[in-house]
2 protein chains.
Amino acid sequence: MSGVGGDQPEIDGPQTDADDSSLGVRARSRARIEASIRKAAEEVFAEMGFEGASTSLIAKRAGLPKANLHYYFKTKNDLYQFVLRDIIELWLNTAQEIQPDADPATALAHYIGQKIDLARDRPIASRVFANEVLHGAPRFDRFMRQDLKDWVERKSAIIEEWIGRGKIDQIDPKHLFFMIWSTTQTYADFSIQIAAVLGRRELIESDYQLAAKQITHIILKGCGLKAPDA
Amino acid sequence: MSGVGGDQPEIDGPQTDADDSSLGVRARSRARIEASIRKAAEEVFAEMGFEGASTSLIAKRAGLPKANLHYYFKTKNDLYQFVLRDIIELWLNTAQEIQPDADPATALAHYIGQKIDLARDRPIASRVFANEVLHGAPRFDRFMRQDLKDWVERKSAIIEEWIGRGKIDQIDPKHLFFMIWSTTQTYADFSIQIAAVLGRRELIESDYQLAAKQITHIILKGCGLKAPDA
DNA sequence: GTCTATACTTGGATAGAC
DNA sequence: GTCTATCCAAGTATAGAC
């Protein structure tokens, strides 16, 4: 059952009406329910992992009976795929500013800021992603070997071009991405550990700000860039 | 012999591991079996998480019947604690070279190298740790809020001293540790993702070497340090 | 479309023979 | 100390009433 896109999860439900005229109200209602299921599922998958998550708990948090959830998503795996698709989209939509003609310092600073914002605003999505990868990505392989690999290669080519033009030190672009991903996502995935070390119950706004500032400073300076004028 | 599994939760005992030269035949046999159980358990916990791991699979991989495993470890949680202790020790034994009179560049470079070595040599232990933190550290809280927090505060005080003496740029020591942890451990925890992006089935020696080199370079330069003479 | 009740399966843990 | 057989709880999924 590997592959996110190979066999797409049925976001339209078990049996769509051949008749489109009934869409309106019903489809809206369905969309609302699916959204509340997705939110509950994301939380539970993040907390307990795929195996640990129980459909009954997800149903309870979404405020409907377990059997009803199985009406909307035939299997637990279908529901999981539904959640993952959302997360993949978040990932692939970052780093828009990394472009050949951009200023490297500005673009990288912006990218790091974007990733820290995601860590603060969507930590749960990040944890579902991390959990999947951590456990061997059995339901995620296609995304990583195709979409993500392509993404990195496109972005790395741009950085290579920056290097060629002498706009940035000669570093390995791919490992630079691994560095940016890890340093920023750690504030979502391992926020509990960081909060514990900082003596807090949970991270606060100034923690994220300091993190973004210091990560940006060290990486930019480490790559031979000066802080952007911003 | 009296030490039959049930009466003493192996977790908290000061009991040492494999050094069994002074023990009897029975204890030696017990230690061997416990070691094989630990190895199997570490693998299974890393792959499936705590909830997903089944004692039957652990028993199977350790080459003994399930009931027998429950003879050595009364509950799944006891076994998990047993595995965690080993990992905690690994963590707390790093960064010996971070000392007030050390050269910052040398000490940090060595620490980063040590962490990358761990990522390469003990990725499974790292993943069990990561999984525990990722899911809210329900069985790990005390370690993080006490031992680890103390550890970071001791080490951070040393770095503050370096800063005071002008040996290193003025950075936040704690967030520097978060940065070193995340950039290095990502090569264990998310090695599957990194390998996928690099187009490999698994990471190879040169990947770790390049990672260590680039992480060290960027962090040292980013902190205003020159590469150590080494 | 939604809910109640239930069938079926897996997995943690134990009893008791050897 | 070790193994077979078994109990019991939890969890996925479905049948069928409304």
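Residues numbered from 1 in each chain as written. Chains lettered and ligands numbered in written order. Predicted model: local features only at pLDDT ≥ 70, side-chain atom pairs only at ≥ 80, totals over all residues. Heavy atoms only, no water.

Colleague: Looking at this structure, I do not really get the packing of helix 4 (residues 76-92) of chain A against helix 7 (residues 141-164) of chain A. What am I missing?
Modeller: How two helices pack is summed up by the angle between their axes together with the distance between the axes. Residues and elements named next belong to chain A. For the pair helix 4 and helix 7, the least separation of the axes is 11 Å and the interaxial angle reads 20 degrees. Comparing their axes, helix 7 and helix 4 come out roughly parallel. Considering only the axes of helix 4 and helix 7, their crossing is right-handed. Here Ile 88, Trp 91 and Leu 92 of helix 4 come into contact with helix 7, specifically with Phe 143, Asp 147, Leu 148 and Trp 151. Looking at the contact of helix 4 with helix 7, its residues break down into 6 nonpolar, no polar and 1 charged. (Axes fitted to C-alpha atoms, helices over the stretch in contact; angles between N-to-C directions. Helix = DSSP H or I, 4+ residues; strand = E, 2+ residues; numbered from the N terminus. Parallel < 35°, antiparallel > 145°, perpendicular 65-115°, else oblique. Left-handed = near helix turned anticlockwise from the far one by under 90°. Contact = heavy atoms within 4.5 Å. Nonpolar A, V, L, I, M, F, W, Y, C, P; charged D, E, K, R; others polar.)

Colleague: What is the right way to read the protein's contact with DNA strand D from this model?
Modeller: If you check the shell around DNA strand D, you find 17 residues, and the closest are A:Thr55, A:Lys66, A:Lys76, B:Asn68 and B:Tyr72. In DNA strand D, the atoms that sit within 4 Å of the protein are 64% sugar and phosphate, with bases accounting for the remainder. Take A:His70: an N or O atom from its side chain is 3.3 Å from a phosphate oxygen of DNA strand D. Side-chain polar atom of B:Asn68 to a phosphate oxygen of DNA strand D: 2.4 Å apart, as the coordinates give it. Elements supplying a minimum of two residues to the surface near DNA strand D: helix 2 (55-62) and helix 3 (66-72) of chain A together with helix 1 (25-52) and helix 3 (66-72) of chain B. For the surface near DNA strand D, the class distribution of residues is 7 nonpolar, 6 polar and 4 charged. (Near = heavy atom within 4 Å. Polar contact = N/O pair within 3.5 Å; in protein donor to acceptor, adjacent residues only side chain to side chain.)

Colleague: In this structure, what is going on with the relation of the copies chain A and chain B? I would like to understand it.
Modeller: The two chain copies are connected by a rotation around an axis plus a translation along it. The two copies are related by a screw operation: chain A maps onto chain B through 180 degrees of rotation and 0.0 Å of translation along the axis, at an RMSD of 0.1 Å. One copy is carried onto the other by what is essentially a two-fold rotation axis. Rotation axis and chain A: the residue whose C-alpha lies nearest the axis is A:Gly222, separated from it by 2.1 Å. Interface overlap between copies is the fraction of interface residues in one copy that are interface residues in the other; for chain A against chain B it reaches 100%, indicating a shared surface. (Least-squares fit on C-alpha atoms with pLDDT ≥ 70 in both.)

Colleague: Can you walk me through the interface of chain A and chain B in this structure?
Modeller: Between chain A and chain B, the contact holds 59 residues from the first and 59 residues from the second. Counting every contact that joins chain A to chain B gives 2 salt bridges. Across the pair B:Asp169 and A:Lys221 runs a salt bridge, and its minimum N-O distance is 2.6 Å. The interface formed by chain A and chain B contains 12 residue pairs in polar contact (both at pLDDT 80 or more). Listed by contribution, the elements that provide at least two residues to the side of chain A that touches chain B are helix 1 (23-52), helix 6 (123-134), helix 7, helix 8 (173-189), helix 9 (191-197) and helix 10 (205-222) of chain A. (Salt bridge = Lys/Arg side-chain N within 4 Å of Asp/Glu carboxyl O.)

Colleague: Just to check I follow, could you spell out the pattern of salt bridges for this structure?
Modeller: Pairs may arise between side chains of opposite charge once their charged atoms sit close together. In total, this model carries 34 salt bridges over all chains according to the counting rule given. In this structure, the salt-bridge partner of A:Asp121 is A:Arg120, at a minimum N-O distance of 3.0 Å. A salt bridge links B:Asp207 to B:Arg200; the shortest N-O distance between them is 2.7 Å. Sharing partners across several salt bridges, the network here consists of A:Arg38, A:Glu42, A:Asp86 and A:Arg122.

Colleague: What am I meant to see in the confidence of the model for chain A here?
Modeller: Caution applies to low-pLDDT regions: their predicted coordinates should not be interpreted in detail. The predicted model of chain A has a mean per-residue pLDDT of 89, with 89% of residues at 70 or higher. Predicted confidence for residues 1-22 of chain A stays below pLDDT 50, and this span has 33 contacts to residues more than four positions away or in other chains. (pLDDT = per-residue confidence, 0-100.)

Colleague: What am I meant to see in unusual backbone geometry here?
Modeller: What is expected of a backbone is that most residues other than glycine have negative phi and most peptide bonds are trans. Residues and elements named next belong to chain B. Its identity is not glycine, yet Ala 95 carries a phi of approximately 65 degrees, on the positive side. Tracing the sequence through the fold places Ala 95 in the loop between helix 4 (76-92) and helix 5 (104-121). With a phi close to 50 degrees, Ala 137 is a non-glycine residue in the positive phi region.

Colleague: Explanation requested: helix 10 (residues 205-222) of chain B in the structure shown.
Modeller: The periodicity of an α-helix, 3.6 residues per turn, causes residues three or four places apart in sequence to face the same way. Taking 1.5 Å of rise per residue, the 18 residues of helix 10 of chain B would be expected to cover 26 Å, and the 26 Å separating its terminal C-alpha atoms lies within 8% of that figure. Restricting attention to buried positions, one finds in helix 10 of chain B the residues B:Asp207, B:Tyr208, B:Ala211, B:Ala212, B:Gln214, B:Ile215, B:Thr216, B:Ile218, B:Ile219, B:Leu220 and B:Gly222. The inward-facing, buried residues of helix 10 of chain B abut helix 8 and helix 10 of chain A together with helix 5, helix 8 (173-189) and helix 9 (191-198) of chain B. Downstream of helix 10 of chain B by a residue or two, B:Gly224 has a phi angle that is positive, lying close to 80 degrees. (Expected span 1.5 Å × (residues − 1). Buried < 20%, exposed > 50% of the residue type's maximum accessible area, 1.4 Å probe, protein only.)

Colleague: For this particular structure, what's the right way to read the packing of aromatic side chains?
Modeller: Evaluated as defined, the whole model comprises 34 aromatic pairs over all chains. Considering the side-chain rings of A:Phe177 and A:Trp181, the 6.4 Å spacing of their centres and the 40 degrees angle between planes classify their relative orientation as tilted. With a gap of 4 residues between them, A:Phe177 and A:Trp181 both fall in helix 8, about one helical turn apart. By relative accessible area, A:Phe177 is classed as buried at 1%. By relative accessible area, A:Trp181 is classed as buried at 3%. Ring pairing ties together the aromatic residues A:Trp91, A:Tyr111, A:Phe129, A:Phe140, A:Phe143, A:Trp151, A:Phe177, A:Phe178, A:Trp181 and B:Tyr187, which thus form one cluster. Positioned over the ring face of A:Phe50 is A:Lys76, at 4.8 Å from the centre of the ring. (Phe/Tyr/Trp six-rings, centres within 6.5 Å; stacked < 30°, edge-to-face > 60°. Lys NZ or Arg CZ within 6 Å of the ring centre and 35° of its normal.)

Colleague: Looking at this model, I keep getting lost on the environment of B:Glu42. Mind explaining?
Modeller: With respect to the element layout, B:Glu42 can be found in helix 1. For the pair formed by B:Glu42 and B:Ile87, sequence separation is 45 residues and the distance between their alpha carbons is 9.8 Å.

Colleague: Where do I start with helix 6 of chain A in this structure?
Modeller: All names here are of chain A. For helix 6, which comprises 12 residues, the first-to-last C-alpha distance of 16 Å matches the rise-based estimate of 16 Å (1.5 Å per residue) to within 8%. Summarising burial for helix 6: 11 of the 12 residues are buried, a large majority. Looking one or two places after helix 6, you find Gly 136, whose phi comes out positive at around 90 degrees.

Colleague: I would appreciate a short explanation of the environment of B:Ser126 in the present structure.
Modeller: All names here are of chain B. The residue Ser 126 is located in helix 6 (residues 123-134) in this model. The spatial distance from the C-alpha of Ser 126 to the C-alpha of Trp 91 is 9.2 Å, given a sequence separation of 35 residues. Beyond its immediate sequence surroundings of up to four residues, Ser 126 is in contact with Gln 185, Ala 188 and Asp 189.

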